[in-house]
Amino acid sequence: MRRAALAVTTFVLLTASLGSADAAKKKVQVPNRYDGTWSIEVVTLEGPCDRAYRYGVQIRRGEASYAGGEFNIRGRVSQAGAVRAVISRGDDAADVVGSLGRQGTGNGTWRTTGLIGCSGRWNAERRS
């Protein structure tokens, strides 16, 4: 895979309704503390993939999106900042793991799962 990025989670909080004891529980979506715009630097350390890229990734309710449309992101960021994602383009894909910190930075590793064997690291910096 020539491109890897980051990505991330939906956190659902169940709360009891006010009123009688038999009141139904409701699902309430709360923002993830890592929601916002992140600048992600992706660096290849092994394999024939392109050396480096930088992407702007948006995280909402812990789920990542990339407006460039060059690849798909399926992933989650937990409330504790743990990142697990799969970035794909066509038949190429990369597993992404790492963490984001409350101070607005993060890092981790990635490794392709297709025919082209590449791996590397990623660094993140919060923009908003």
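Notes on the structure in this doc start here. (Residues numbered from 1 in each chain as written. Predicted model: local features only at pLDDT ≥ 70, side-chain atom pairs only at ≥ 80, totals over all residues. Heavy atoms only, no water.)

1. As for the nonpolar core
Put simply, the test is: For our purposes a nonpolar core is just a set of buried Ala, Val, Leu, Ile, Met, Phe, Trp, Tyr and Cys residues, chained together by side-chain atoms within 4.5 Å. Using a 1.4 Å probe on the protein chains alone, a residue whose accessible area is under 20% of its type maximum counts as buried, one over 50% counts as exposed, and one in between counts as partly exposed. Starting at the N terminus, helices and strands are each numbered in turn, a helix being any DSSP run of H or I of at least four residues and a strand any DSSP run of E of at least two. The contact criterion used throughout is that any non-hydrogen atoms of two residues lie within 4.5 Å.
Core analysis: the largest hydrophobic core is formed by 23 residues, its most contacted members being Trp 38, Ile 40, Ile 73, Leu 100, Trp 110 and Trp 122. Secondary structure elements with two or more residues in this core: strand E3 (36-46), strand E4 (52-60), strand E6 (72-77), strand E7 (82-89), strand E8 (92-100) and strand E10 (119-126). Sequence-distant contacts of Trp 38, that is, excluding residues within four places in its chain, are made with Tyr 55, Gly 56, Val 57, Ile 59, Leu 100, Gly 101, Gly 104, Thr 105, Ala 124, Glu 125, Arg 126 and Arg 127.

2. A short note on the pattern of salt bridges
Short version of the rule: Just to be clear on terms, a salt bridge is a Lys or Arg side-chain nitrogen sitting within 4 Å of an Asp or Glu carboxyl oxygen.
As enumerated under the stated definition, the model contains 2 salt bridges in all. One salt bridge in this structure joins Arg 127 and Glu 125, with 2.6 Å as the shortest N-O distance.

3. With respect to the environment of Gly 98
As for its placement among the helices and strands, Gly 98 is situated in strand E8. Since its relative accessible area comes to 25%, Gly 98 is described here as partly exposed. Residues Gly 98 and Trp 122 lie 24 residues apart in sequence; the distance between their C-alpha atoms is 8.5 Å. When neighbours within four sequence positions are excluded, Gly 98 is seen to be in contact with Gly 81, Ala 82, Val 83, Asn 107, Gly 108 and Trp 122.

4. Details of the packing of aromatic side chains
Note the cut-off: Each Phe, Tyr or Trp ring, with Trp reduced to its six-membered ring, pairs with another whose centre is within 6.5 Å; inter-plane angles below 30 degrees give stacked pairs, above 60 give edge-to-face pairs, and intermediate values give tilted ones.
Within this structure, the stated rule accounts for 4 aromatic pairs. Geometrically, the ring pair formed by Tyr 55 and Tyr 66 is edge-to-face, given 5.2 Å between the ring centres and 85 degrees between the ring planes. Of this pair, Tyr 55 sits in strand E4 while Tyr 66 sits in the loop between strand E5 (63-65) and E6, placing them 11 residues apart in sequence. For the pair Tyr 55 and Tyr 66, one class covers both residues: buried. Aromatic rings pair up to connect Tyr 53, Tyr 55, Tyr 66 and Phe 71 into one cluster.

5. Some remarks on the pairing of E10
A regular strand carries its side chains on alternate faces of the sheet. Spelled out, the test is: Note on pairing: DSSP must find at least two bridges between two strands before they are called paired.
Two strands pair when backbone bridges link them, and E3 and E10 are joined in this way by 8 bridges, in the antiparallel orientation. Considered in E10, the bridge of Thr 44 is made with Gly 120. Sheet analysis places strand E9 (residues 105-112) next to E10, joined by 7 bridges and oriented antiparallel. Across the sheet, Trp 110 pairs through a bridge with Gly 120, a residue of E10.

6. Observations concerning unusual backbone geometry
Phi is positive for Arg 61, close to 50 degrees, though the residue is something other than glycine. As for its position among the elements, Arg 61 is in the loop between E4 and E5.

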